Amino acid sequence: MSLATHLLLSGFLFLQACGSRLRQEDFPPRIVEHPSDVIVSKGEPTTLNCKAEGRPSPTIEWYKDGERVETDKDDPRSHRMLLPAGSLFFLRIVHGRRSKPDEGSYVCVARNYLGEAVSRNASLEVACK
């Protein structure tokens, strides 16, 4: 058996064992709208956009400075909401002298069983008043 045939067969058996079948129309995620840098005033709402395509539809997660961002999906009291298309909506920007939980560098990550795609970095800065 050739190496290519062995790898193909191994991959097929792995997908069957995991209860998932690779369909010809399935494809890995791809970011089609990257977030942009934003400067926003404290207490104001803002949105970091992210849109991805893939089949099956990818899940979207956001990371700030390398740490996963908690949204209303994790905590209903959160001021950050993950919108259906994948964008991150801030009900209000939280910013204080000691705590600046919203300011930083953000990326969105789209995942499905075929892989993941990472957006470009976008910075969120709080404007000085």
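Owing to the predicted nature of the structure, the values given are computational and were not obtained by experimental measurement.

Parameters at a glance
Residues numbered from 1 in each chain as written. Predicted model: local features only at pLDDT ≥ 70, side-chain atom pairs only at ≥ 80, totals over all residues. Heavy atoms only, no water. pLDDT = per-residue confidence, 0-100. Contact = heavy atoms within 4.5 Å. Pairing = 2+ DSSP bridges. Helix = DSSP H or I, 4+ residues; strand = E, 2+ residues; numbered from the N terminus. Salt bridge = Lys/Arg side-chain N within 4 Å of Asp/Glu carboxyl O. Buried < 20%, exposed > 50% of the residue type's maximum accessible area, 1.4 Å probe, protein only. Axes fitted to C-alpha atoms, helices over the stretch in contact; angles between N-to-C directions. Disulfide = S-S within 2.5 Å.

> Even after reading the chapter, I still don't get the confidence of the model for the protein chain, so can you show me in this structure?
For residues with low pLDDT, the predicted coordinates do not support detailed interpretation. Mean pLDDT for the protein chain: 87, with 82% of residues reaching 70 or above. Here residues 1-18 scores under 50 on pLDDT; set against residues more than four positions off or in separate chains, the count is seven contacts.

> Is there a simple way to think about the pairing of strand β5 (residues 59-64) in this case?
In regular strands, side chains alternate between the two faces of the sheet. Relative to strand β9 (residues 104-112), β5 runs antiparallel, the two being bridged by six bridges. Counterpart to E61 in the pairing with β9 is V109. Judged from the two bridges that link them, β5 and strand β6 (residues 67-68) form a sheet pairing that is antiparallel. Across the sheet, K64 pairs through a bridge with E67, a residue of β6. Remark: two residues form the turn of the hairpin made by β5 and β6, two consecutive strands paired antiparallel; D65 in that turn has positive phi of roughly 50°.

> Hey, could you run me through the pattern of salt bridges in this one?
Think of it this way: side chains of opposite charge can pair up when their charged atoms draw near. Under the counting rule described, the total for this entry stands at nine salt bridges. E116 is the salt-bridge partner of R111, the closest N and O atoms lying 3.0 Å from each other. Judged by its relative accessible area of 28%, R111 falls in the partly exposed class. Each of E61, R68, D74, R111 and E116 takes part in a single network of salt bridges with overlapping partners.

> Is there a simple way to think about the sheet that holds strand β8 (residues 88-90) in this case?
Here three strands make up an open sheet; going across it, the order is β3-β8-β7 and the pairing antiparallel. Across the chains shown, the open sheet's two edge strands, defined by having one partner strand only, are β3 (46-48) and β7 (80-82). Strand-to-strand twist in this sheet, taken as the mean axis angle between neighbours without regard to direction, amounts to 20°. Here β7 pairs with β8 via three bridges, running antiparallel. Paired with M81 across the strands is F89, a residue of β8.

> Looking at this model, I keep getting lost on unusual backbone geometry. Mind explaining?
Most peptide bonds take the trans form, and the phi angle of most residues other than glycine is negative. Residue P56 follows R55 across a cis peptide bond; omega there is 0°. Inspection of the secondary structure puts P56 in the loop between β4 (51-55) and β5. Phi at D65 is positive, roughly 50°, even though this residue is not glycine. Here D65 shows up in the loop between β5 and β6.

> Explain the state of the cysteines to me, please; I cannot follow it from the model alone.
A disulfide bridge is the covalent bond that connects two cysteines by way of their sulfur atoms. Per the counting criterion, the structure on display carries one disulfide. The disulfide that involves C50 links it to C108, with 1.8 Å between the sulfurs. Taking the sign of the torsion about the S-S bond as the criterion, the disulfide between C50 and C108, at about 55°, is right-handed. Of the two residues, C50 sits in the loop between β3 and β4 while C108 sits in strand β9, which places them 58 residues apart along the sequence. Assigned by exposure class, C50 and C108 land together as buried.

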